[in-house]
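# Topology and contacts: notes
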Amino acid sequence: MFYSKLFGKTVKTDPKDEISVNAKLLIRAGFIRKELAGVYNFLPLGLRVLTKIANIVRDEMNKAGGQEILLSALQTKNNWQKTGRWNSFDALFKVKSRYEVEYALGPTHEEVLVPLVKQLISSYKDLPLSLYQIQTKFRDEPRAKSGILRGREFLMKDLYSFHQDEEDFEKYYEVMRKTYLEVFKRCSLEAIETKAGGGTFSQFSHEYQVISEAGEDEIVYCPGGDFSENVEITEVKEGKQCELGHGSLKKVKVIEVGNIFPLKTKFSEVFDLTYKDKNGKDQLVVMGCYGIGISRLMGTIVEVHHDDKGIIWPESVAPFMVHIVGLDMDDKSVADRAEKVYKLLLAEGIETLIDDRQNLSAGEKFADCDLIGIPYRVVISKKTGEKLEVKKRSEKETSFVSLDELIKMLK
Ligand code: ATP
Ligand code: MG
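I will try to describe carefully the structure that is included in this document.

Quick notes on the rules
- Residues numbered from 1 in each chain as written.
- Chains lettered and ligands numbered in written order.
- Predicted model: local features only at pLDDT ≥ 70, side-chain atom pairs only at ≥ 80, totals over all residues.
- Heavy atoms only, no water.
- Near = heavy atom within 4 Å.
- Polar contact = N/O pair within 3.5 Å; in protein donor to acceptor, adjacent residues only side chain to side chain.
- 1 Å grid on protein atoms, 1.4 Å probe; cavity = no way out; pocket = protein on both sides within 12 Å on 5 of 7 lines; lining within 4 Å.
- Sits in = over half its atoms within 2 Å of the grid points.
- Helix = DSSP H or I, 4+ residues; strand = E, 2+ residues; numbered from the N terminus.
- Nonpolar A, V, L, I, M, F, W, Y, C, P; charged D, E, K, R; others polar.
- Phe/Tyr/Trp six-rings, centres within 6.5 Å; stacked < 30°, edge-to-face > 60°.
- Buried < 20%, exposed > 50% of the residue type's maximum accessible area, 1.4 Å probe, protein only.
- Lys NZ or Arg CZ within 6 Å of the ring centre and 35° of its normal.

## Some remarks on the site of ligand 1
The local shell around ligand 1 holds 13 residues, among which R139, E141, G151, E256 and N259 are the closest. Separating a nitrogen atom of ligand 1 from a backbone N or O atom of G151 is a distance of 2.8 Å. At 2.9 Å, a side-chain N or O of R296 approaches an oxygen atom of ligand 1. The pocket occupied by ligand 1, as judged from atoms lying within 2 Å of grid points, is the largest pocket. Looking at the shell around ligand 1, the elements with two or more residues in it are β8 (153-163) and β13 (250-264). When residues of the shell around ligand 1 are assigned to their parent elements, the largest contribution, 4 residues, is made by β13. Across the shell around ligand 1, the residue classes tally to 4 nonpolar, 4 polar and 5 charged.

## A few points about the packing of aromatic side chains
One pass over the full model with this rule turns up 8 aromatic pairs. Ring geometry for F31 versus W313: centroids 5.4 Å apart, planes at 45°, classification tilted. In this pair, F31 sits in the loop between α1 (21-28) and β1 (32-36) while W313 sits in the loop between β18 (310-311) and β19 (322-326), placing the two residues 282 residues apart along the sequence. Given a relative accessible area of 0%, F31 falls into the buried group. Judged by relative accessible area, which is 3%, W313 ranks as buried. Measuring from ring centre to ring centre gives 5.8 Å for W80 and F89, while their planes differ by 90°; the resulting arrangement is edge-to-face. With respect to class, W80 is no different from F89; both count as buried. Taken together, Y180, F184 and Y208 form an aromatic cluster joined through their ring pairs. Over the aromatic face of F267 sits the side chain of K266, whose NZ or CZ is 5.5 Å from the ring centroid. A cation over an aromatic ring shows up here: R377 above the ring of F366, its NZ or CZ 4.1 Å from the ring centre.

Laid out in structure tokens, this is it:
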């Protein structure tokens, strides 16, 4: 991608109406633009990151046997009334059509999926079943000051599992616990698996919490890794000694990037989702539900991986791997060489952005490069000659390498 043609440019000063670090940096670096409070447009750089995160999640869900689907965002009021959530789901957006029909704008999808599954399964042979989607959700959130951490419109992965009995559900729940930790690891986030109350559904559930001052939740946890509970439920106080001798428990602010919980037969009962067991007897399907905030993950990565100059994208989710900074681009031989290196990197399958702008100081180009946060900066100028000056965004040292050496480094 040629930076001169990229839709979305860097901005030098912080947007006035943003408080959160993620929104300030993502807007300044040209990844997103605000539409209204809690609603953002994703520009090419932003969409590249969002898609990479979604693909990591997709890959792990597929590995865990999930089948991807795409459910409707516009949902019937009738099903929401059946579950009682038309009135009890506070953040539900209700839409009235010109024909006076009311709809729910999906904040979650049990009301759509459970009746759909009822149409398509009938026997124990159809179970277990694991279905997921990556889709825009709508919630009328009261607080929308955290940038893409809390949107009124946001991207979520929601997976629902269907089982013959509790025992089979519990087995799958254990699979998903491992799957979740793998997702967050691949996004370079340390997510602490935290016990939380299951709300109306059950006694327990797990949240995946990332330590950050930007978080709206708090946990009491053991840095040794054997204990973590959400402050809202827990009786355990900060300072208590860890039973395994890891020292005292700490209280920290966290961002909830995902959660998993049992739904038992709550929705199966409402929609009469049953299957015939081996004896031909009707049984209620046991369900589980597993969410990950994809756009919130992107915001969390920015909250965790940045410095005073800008974002520092982990390689697995970076919009590009290499950012070529062309200096002296008014000199034809330098410009030609920069473009040649750019094309050779592309031919090697290495995603590359090239700052081909003319008449811009080196300082301005480096500042933009640091702000955008692509993992490798490659400078090509009169001074670099046949070599390339390489620097990792996360490190200070630069080195001079040949193109072959650079490609080896990146592969
Ligand atoms: P929270 O407590 O943060 O409101 P939640 O308990 O409502 O989250 P779920 O309804 O289970 O969360 O949604 C699954 C995941 O979707 C959450 O773990 C979170 O990562 C993400 N998420 C929830 N609400 C939002 C939002 N308004 N904006 C962005 N991501 C969200
Ligand atoms: Mg919520």
